Amino acid sequence: MSDHHIHIVGGGLAGSEAAWQLAEAGFRVKLSEMRGGGDATPAHHTDGLAELVCSNSFRSDDAESNAVGLLHQEMRRLGSLILREGDAHRVPAGSALAVDRDGFSAGVTAALSAHPNITIVRERVDILPDGPAILATGPLTAPALAEAIGGATGTDALAFFDAIAPIVHRDSIDMDIAWFQSRWNKGDGKDYINCPLDKDAYLAFHAALLAGEKTEFRDWEKDTPYFEGCMPIEVMAERGVDTLRYGPMKPVGLDDPRTGRWPYAVVQLRQDNAQGSLWNIVGFQTKLKHAEQVRLFRTIPGLQNAEFARLGGLHRNTFIRSPELLDPTLRLRNRPNIRFAGQITGCEGYIESAAIGLIAGRFAAAELSGATLPPPPVETSLGALLGHITGGAEAESYQPMNVNFGLMPPIEGRTKKADRKKMYTARARAAFDQWLSCLPQPAPARTADISREAATFA
């Protein structure tokens with residue numbers, strides 16, 4: 001008999017969360033992560049589990065009027081490791097939950113390494129496991145395993161690009177020009193650093209973005225679409241001269257203390273680590289070449305002497321056509337011993353990835369113990385996201401999606417727009433409470449073996 005009940009492949013946010021949920025339920029988990037075993041990815045810089053490769057933000061923590069904040073709340077109630085460590089390593093970001101990326105990853109790694117039911121193996125997995133497994137290999141699945149997944153699914157994987165925003169050393173920002181302020185003065189007033197541009201400076205910056213030298217795509221990457229929620233800034237600039245002023249460079253709600261008025265455009269930076277020494281340029285994911293980034297971003301007022309801890313980059317994101325391939329509990333229909341979790345399912349975002357890892361772990365734990373876990377209601381954030389992935393979306397046009405109220409059933413009757421979001425959250429909490437009250441409560445077998453029959457999926 002195997003020395004583990006289930007094999008999880010991938011130590012990102014989804015795999016880490018799934019491992020934690022199963023281990024806490026009393027099941028022995030083998031967690032395979034290729035980083036640290038001689039392999040790497042184009043986007044990761046460390047071998048830490050749950051490394052954040054793009055932004056350090058888990059986005060809004062507002063559980064009253066934001067679907068992702070509601071998802072945070074639901075995950076906390078389910079004992080999420082990712083939210084526990086996110087809260088422990090929080091840095092100022094207004095109403096958002098942003099974290100010290102190094103402290104967060106170290107916290108997740110330490111928790112999983114110390115758990116008696118988890119064995120972490122630094123290895124690359126090239127074939128699909130024969131026994132119970134969760135594949136959470138993320139957007140940068142190794143080529144051999146991606147080929148094996150393609151062989152099992154009988155369909156080509158889809159792909160798009162995620163772009164990484166640059167990070168600036170705080171002491172290189174000119175605070176005689178820039179200033180601290182959150183939009184509309186939300187938070188404590190020092191959650192963002194703002195760099196103002198007048199009309200001439202903005203138009204010059206826009207023109208330079210269009211003319212800047214970009215990285216070249218490989219032949220197999222040229223037709224890959226971008227995800228709308230993580231669009232490179234130069235691609236946004238191509239859509240029109242004012243696109244950036246209505247997007248990441250929006251000046252509304254920000255008063256330049258030197259003029260008392262909103263600037264023509266603003267570049268915002270958000271704290272990236274607990275010490276406040278690193279700040280990332282919000283919304284400035286890019287595929288400009290590194291030398292071009294340094295030259296161009298130093299034309300931004302306040303960043304003329306900027307020193308960069310990390311420059312922007314670009315990586316490919318691969319995902320499966322989940323609505324036609326996965327059942328409602330994330331099992332591969334033609335290989336039900338395997339579940340998928342995280343970004344490879346087509347969810348988008350750190351928290352969404354972790355949430356799908358969490359529910360995949362819960363589904364697997366229930367099945368291993370001989371119980372049945374009903375999916376969370378579609379009126380909840382977790383249930384709406386899961387439902388979208390496992391059948392709510394059109395398979396032929398399936399694209400990655402962040403959690404949002406649009407994935408939930410609409411509120412019936414006429415309602416004021418200002419009240420609608422709170423009505424969604426109130427309904428979601430009631431549905432989530434009801435779901436929790438009906439969950440099976442199997443006795444965990446922390447010290448006893450589970451039979452071979454119970455350790456295999458139907």
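What you are looking at is a predicted structure, and each value in this text was computed from that prediction instead of being measured.

What counts and how
Residues numbered from 1 in each chain as written. Predicted model: local features only at pLDDT ≥ 70, side-chain atom pairs only at ≥ 80, totals over all residues. Heavy atoms only, no water. Helix = DSSP H or I, 4+ residues; strand = E, 2+ residues; numbered from the N terminus. Rg over C-alpha atoms; globule rule 2.2 N^0.38 Å. Buried < 20%, exposed > 50% of the residue type's maximum accessible area, 1.4 Å probe, protein only. Contact = heavy atoms within 4.5 Å. Areas by Shrake-Rupley, 256 points an atom, 1.4 Å probe, with all protein chains shown as cover. Lys, Arg positive; Asp, Glu negative; His and termini not counted. Charge placed at Lys NZ, Arg CZ, Asp CG, Glu CD. Salt bridge = Lys/Arg side-chain N within 4 Å of Asp/Glu carboxyl O. Core = buried A, V, L, I, M, F, W, Y, C linked by side-chain atoms within 4.5 Å. Pairing = 2+ DSSP bridges. Axes fitted to C-alpha atoms, helices over the stretch in contact; angles between N-to-C directions. Left-handed = near helix turned anticlockwise from the far one by under 90°. Nonpolar A, V, L, I, M, F, W, Y, C, P; charged D, E, K, R; others polar. pLDDT = per-residue confidence, 0-100.

**Q** Where do I start with the overall build of the protein chain in this structure?
**A** For the protein chain, the helix and strand inventory stands at twelve helices and 17 strands. Against the 2.2 N^0.38 benchmark of 23 Å for 458 residues, the protein chain shows a C-alpha radius of gyration of 22 Å, consistent with a compact globule. The C-alpha extent of the protein chain, read off along each of the three principal axes, is 70 × 50 × 40 Å. The burial tally for the protein chain puts 57% of its 458 residues in the buried class. By sequence separation, contacts in the protein chain at least 24 residues apart represent 71% of the contacts at least 6 residues apart. Carbon together with sulfur atoms contributes 51% to the accessible area of the protein chain, which is approximately 19000 Å² in total. Between the centroid of the 47 positive side chains of the protein chain and the centroid of its 55 negative side chains there is a distance of 4 Å.

**Q** Is there a simple way to think about the pattern of salt bridges in this case?
**A** Throughout the structure, instances matching the rule amount to 22 salt bridges. For Asp-256, the salt bridge goes to Arg-258, with nearest N and O atoms at 3.6 Å. Taking relative accessible area as the criterion, Arg-258 reaches 53% and is therefore assigned exposed. The shortest N-O distance in the salt bridge between Arg-331 and Asp-327 comes to 2.8 Å. Asp-327 matches Arg-331 in its accessibility class, with the two residues each being buried.

**Q** Would you mind going over the nonpolar core with me for this structure?
**A** The tendency in soluble globular proteins is for nonpolar side chains to be buried side by side. Formed by 87 residues in total, the largest nonpolar core has its most connected members in Leu-22 and Phe-58. Element by element, the count of residues in this core is highest for helix H10 (residues 350-368), at 13 residues. When residues no more than four places from it in sequence are discounted, the contact partners of Leu-22 are Ile-6, Ile-8, Phe-27, Val-29, Ile-134, Gly-361, Ala-364, Ala-365 and Leu-368. Listed in part, the 33 residues of the second largest apolar core include Val-168, Ile-193, Tyr-202 and Ala-237.

**Q** Sorry, what's going on with the sheet that holds strand S9 (residues 167-169) here?
**A** Sheet strands associate in pairs through backbone hydrogen bonding, adopting either a parallel or an antiparallel arrangement. Spatially, S10-S11-S12-S13-S9-S14 is the arrangement adopted by the six strands of the open sheet, whose pairing is antiparallel. Where the open sheet ends on each side, the last strands, each with one partner, are strand S10 (179-180) and strand S14 (308-310). Sheet topology note: the S9/S14 ladder contains two bridges and is antiparallel. The residue bridging Val-168 from the neighbouring strand is Phe-308, located in S14.

**Q** Sorry, what's going on with the packing of helix H2 (residues 67-77) against H10 here?
**A** Between two packed helices, both the angle of their axes relative to each other and the distance between the axes serve to describe the pair. In the contact formed by H2 and H10, the axes pass within 11 Å of each other and the chain directions differ by 35 degrees. In terms of crossing hand, the pair formed by H2 and H10 is left-handed. Taking contact as the criterion, the partners of Val-68, Leu-71, His-72 and Met-75 in H2 are, on H10, Ile-351, Glu-352, Ala-354, Ala-355 and Leu-358. Class assignment for the residues of the contact of H2 with H10 results in seven nonpolar, one polar and one charged.

**Q** Help me out: how do you make sense of the environment of Leu-81 in this one?
**A** Mapped onto the secondary structure, Leu-81 falls in helix H3 (residues 81-88). Linking Leu-81 and Glu-17, residues 64 residues apart in sequence, is a C-alpha distance of 6.1 Å. Once residues lying within four places of it in the same chain are set aside, the contact partners of Leu-81 are Ser-16, Glu-17, Trp-20, Val-108, Ala-111 and Leu-112.

**Q** Looking at this model, I keep getting lost on the confidence of the model for the protein chain. Mind explaining?
**A** When pLDDT is low, close inspection of the predicted coordinates is not appropriate. With 93% of its residues at a pLDDT of at least 70, the protein chain reaches an overall mean of 90. A low-confidence stretch, residues 442-458 stays under pLDDT 50, and its non-local contacts, those more than four residues away or across chains, total 37 contacts.

**Q** Help me understand the sheet that holds strand S3 (residues 57-60) in this model?
**A** Ordered by their spatial adjacency, three strands build an open sheet running S3-S5-S4, and the pairing between neighbours is antiparallel. Looking at the sheet topology across the chains shown, the edges are occupied by S3 and strand S4 (90-91). Bridge count between S4 and strand S5 (residues 96-99): two bridges; the pairing is antiparallel. Bridged to Val-91 within S5 is Ala-98. Of the strands in this sheet, S3, S4 and S5 touch H3, which is tilted by about 80 degrees from S5.

**Q** Which parts of the structure should I look at to understand the environment of Gly-229?
**A** One can find Gly-229 in the loop between helix H6 (199-211) and helix H7 (233-237). Given the relative accessible area of 54%, Gly-229 is considered exposed. Residues Gly-229 and Ala-393 lie 164 residues apart in sequence; the distance between their C-alpha atoms is 17 Å.

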